[in-house]
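These are the residues of each chain, in order.
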Amino acid sequence: MSSPRLLFFFLYVLIGLVAFNTAQPEFFSHSCSNTGNYSSNSVYQSNLNSLLSSLSSNNNITYGFYNQSFGRDPDRVYAIALCRGDVLLDDCRRCVNDSASRILQDCPNQKEAIGWYDNCMIRYSNASIFGVTRVRPMLALLNINNVTSIDQFNQALRTLMDKLRSEASSGSSLRKFATGEAAGPDFLTIYALAQCTPDLSSLQCNDCLDQAARFIPGCCNGKIGGRVVTPSCNLRYEIARFYNSTVPLPSPPPQSTPPPFSPPPKGKDSNTARTVVIVVVPIVCVVIFIICLCIFLRRRRIRQTPKPEPMDEINSADSLQFDFGTIRAATDNFSDANKLGQGGFGSVYKGRLSNGQDIAVKRLSSGSGQGDLEFKNEVLLVAKLQHRNLVRLQGFCLEGIERLLIYEFVPNRSLDHFLFDPNKRSHLDWERRYKIIGGIARGLVYLHEDSRLRIIHRDLKASNILLDAEMNPKISDFGMARLFVLDQTQGNTSRIVGTYGYMAPEYAMHGQFSVKSDVYSFGVLLLEILSGQRNNSFRIGENVEDLLTYAWRNWREGTCLNLIDPNLRDGSRNEMMRCIHIGLLCVQENVADRPTMASVVLMLNSYSLTLPVPSPPAFFMSSSSGSENLFSQSYYSERTESTNEKSEIIPLSTNEASITELYPR
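Criteria and thresholds
Residue numbers restart at each chain and count upward from 1, following the sequence in its written direction. Only residues with pLDDT of at least 70 are given local features in this predicted model, and only at 80 or more are side-chain atom pairs given and counted; all residues enter the totals for whole chains, interfaces and linings. Hydrogens and water molecules were not included; the side-chain quantities draw on all heavy atoms of the structure. The criterion for strand pairing is that DSSP finds at least two bridges linking the strands in question. A run of H or I in DSSP becomes a helix once it reaches four residues, and a run of E becomes a strand once it reaches two; helices and strands are each numbered from the N terminus. Here an axis means a line fitted to C-alpha atoms, over the contact stretch when the element is a helix, while the angle between two N-to-C directions is reported on a 0 to 180 degree scale. Any pair of residues with heavy atoms lying within 4.5 Å of one another is described as a contacting pair. Predictor confidence is given residue by residue as pLDDT, running from a minimum of 0 to a maximum of 100. Orientation categories follow fixed angle ranges, with anything under 35 degrees roughly parallel, anything over 145 roughly antiparallel, 65 to 115 roughly perpendicular, and all other angles oblique. Crossing chirality is assigned from the near helix's rotation relative to the far helix, an anticlockwise turn below a right angle marking it left-handed and a clockwise turn marking it right-handed. Three classes are used, and their members are as follows: Ala, Val, Leu, Ile, Met, Phe, Trp, Tyr, Cys and Pro are nonpolar, Asp, Glu, Lys and Arg are charged, and the others, Gly among them, are polar. We call a set of buried Ala, Val, Leu, Ile, Met, Phe, Trp, Tyr and Cys residues a nonpolar core when their side-chain atoms join them within 4.5 Å. Classification of residues uses two cut-offs on accessible area relative to the type maximum, computed with a 1.4 Å probe and protein chains only: under 20% is buried, over 50% is exposed, and between them is partly exposed.

1. Considering the sheet that holds strand E1 (residues 29-32)
Two strands in a sheet stick together by hydrogen bonds in their backbones, pointing the same way (parallel) or opposite ways (antiparallel).
(1) Moving on: With antiparallel pairing, five strands are arranged side by side in an open sheet as E1-E4-E5-E3-E2. Bordering the open sheet on either side are E1 and strand E2 (65-70), each of which pairs with just one other strand. Across the sheet, the axes of successive neighbouring strands diverge by a mean angle of 5 degrees, strand direction being ignored.
(2) Moving on: Sitting on the sheet, helix H2 (residues 43-55) touches E2, strand E3 (77-83) and strand E5 (120-125), and the angle it makes with E2 is about 150 degrees.
(3) Moving on: Where helix H3 (residues 89-106) meets the sheet, its contacts fall on E1, E3, strand E4 (113-116) and E5, and the angle it forms with E5 comes to roughly 45 degrees.

2. Structural notes on the confidence of the model for the protein
(1) Moving on: Across the protein, the average pLDDT comes to 78, with 74% of residues at 70 or higher.
(2) Moving on: Predicted confidence in the protein is weakest over strand E25 (residues 648-651), with a mean pLDDT of 28, and strongest over strand E8 (residues 189-196), with 96.
(3) Moving on: Taken together, the stretch residues 480-489 has pLDDT below 50 and engages in 52 contacts with residues farther than four places along the chain or on a different chain.

3. Topic: unusual backbone geometry
(1) Moving on: The step from Asp 73 to Pro 74 runs through a cis peptide bond, and the omega angle for that step is 5 degrees.
(2) Moving on: Tracing the backbone through its elements, the reader meets Pro 74 in the loop between E2 and E3.
(3) Moving on: The step from Arg 136 to Pro 137 runs through a cis peptide bond, and the omega angle for that step is 5 degrees.
(4) Moving on: Here Pro 137 shows up in the loop between E5 and strand E6 (139-142).
(5) Moving on: For Asp 186, which is not glycine, the phi dihedral falls at a positive 60 degrees.
(6) Moving on: Phi is positive for Asp 332, which is not a glycine, with a value near 55 degrees.

4. A closer look at the packing of H2 against H3
(1) Moving on: Across the interface, H2 lies against H3 with an axial gap of 9 Å and an inter-helix angle of 160 degrees. On the basis of the axis angle, H2 is roughly antiparallel to H3. Crossing handedness for the pair H2 and H3: left-handed. Across from Leu 48, Asn 49, Leu 52 and Leu 55 in H2, the residues of H3 making contact are Val 96, Ala 100, Ile 103 and Leu 104.
(2) Moving on: Its residues assigned to classes, the contact of H2 with H3 shows seven nonpolar, one polar and no charged.

5. Focus on the nonpolar core
(1) Moving on: Judged by nonpolar contacts, the single largest core of 74 residues is most densely connected at Leu 415, Ile 440 and Phe 522.
(2) Moving on: The residues touching Leu 415, leaving out its near neighbours within four places in the chain, are Leu 428, Ile 436, Ala 462, Ile 465, Leu 467, Leu 525 and Ile 529.
(3) Moving on: In this structure, Met 138, Phe 153, Leu 157 and Cys 208 belong to the second largest nonpolar core, which totals 31 residues.

6. What to know about the sheet that holds E6
(1) Moving on: The sheet built from five strands is open, its strands ordered E6-E9-E10-E8-E7 with antiparallel pairing. At either end of the open sheet lies a strand with only one pairing partner, and these are E6 and strand E7 (176-183). Across the sheet, the mean angle separating the axes of adjacent strands is 10 degrees when strand polarity is ignored.
(2) Moving on: Bridge count for E7 against E8 is eight bridges, and the pairing is antiparallel. Within E8, the residue paired with Lys 176 across the bridge is Cys 196.
(3) Moving on: Sitting on the sheet, helix H4 (residues 150-169) touches E7, E8 and strand E10 (233-238), and the angle it makes with E7 is about 155 degrees.
(4) Moving on: Packed onto the sheet, helix H5 (residues 202-214) meets E7, E8, strand E9 (226-229) and E10 and runs at close to 45 degrees relative to E10.

In structure tokens, the structure reads:
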């Protein structure tokens, strides 16, 4: 090997060693609490850094457990580190050192956080956590392989867990940890461990492990291995030995007085230090230069190949799963006082979590026929939809036949609550209505073009547009949405679901839907926002007329101002007229003539753009259809209606597949 290549080889090895020694492995799970954030360079950050630096000191981890606080209120920080009871002391110290660095990377600026490795756990908070039992967040992990004799296996596991819970809770203030094994069916041996943070009392430890053990049937029933971890305790079982049963509990060290501090000697040692600096600094500079060069060359090479998709922020459905007891407590056992709506999908309740966060809980109707795994996968896909004009899915809950969807709570209810109420309509001046129109359009562009999945909503209407505290619109209710692959533009269905009056004609009559189906619904909604009247009950004095017919007739006769809500006394008439023009373009009968939502956003924001002349809208609904009484259920709606299709009563807004029908992009 030539000298330059040999030099480069050694530098490459050195770079690898540096990277290996400085990078911390990822937690198998972590939780960043939303109880509050601290600002950069604040007193709280300084106290947290000091505490974690002390935590990672080799002298502080002696028995596999560490608890300490630092600073003064209100910026005081509390921290706990716990190693698994069978881990050797050196491994424990390395694990805690990694976790003290990693937790700040995964939870920057959060005042409370927790992270789990296989060998240790770290936790800090701005409130006292010593001697306090906490079982939330509760995380379950499972082995995907099944046992053959489930009942016998569960009985043996339950007996073993009861024994270990008793042993662990009766441990000392140095360690509350127990391991054991039991004979299972089919010649299997079950190995298990149970552990609490030793600052808990025996009763607290027993209660914590009991709650964790009761979570096993819901997460890991019939599996050959499983694990449940909480901030205060954890347990695990496998059919292979995974713990070291030979590690003894260390004895307390003898009391001794630390030697007085003495300054380092001068002279020869100082010269040695100077020499080390002179040698090391140039080497480090060369290494940094080589690293930068390698990064530059690598990026140049990567440009030639497709970039991999970035790591998902949410990487498992388990991270979104709520405990049923938590949601039941948050909604006061789903009391009528907290009920927000009722519909074909089930009921919606307002709830408040223990941290003070308000949520909206959909309690889905049973009978969807969908498996737990499919339900979790759909939740995971919808939870990745992140846009300011979409209602955010916070998580889900599965327990028995119960299926719950947890959304962010939007305080101002739905758009129809204001728009179609003669008294509340005045709260929506033109500036707010124009902002709502633009927000809905941007949300649809995200669903159609910018998200990783092409999503057709299929039930866009006023009752599915929620308004936050600043009256910003958020599209909700993806119960009937369809997901398309990347290049797919249209689809067919034999099951027509949605709301008559908002349906595009090709969908209502032939089951053909596409992004242009949502464009049609948006056009109807836009004309409703302008007029303040429902599409199928537009009142002109004593007469009731179809909104689209009335809008087209006034457009053709040049009297569009007749369409505008009389409450809109102020505001730009040019903007209103342009919106009527855009609405009529969206509801044209020919699918190809309708603009895309990206074009609609451009039309709303660019007055220099000349709009095409619209053709007559689709008139596929008539007053004889009975549509005047057909309003499907929304996120917050308080009505439940259905329509008769082929002699079968089907709720219009039924949740036909929990959340979506899956066609991954």
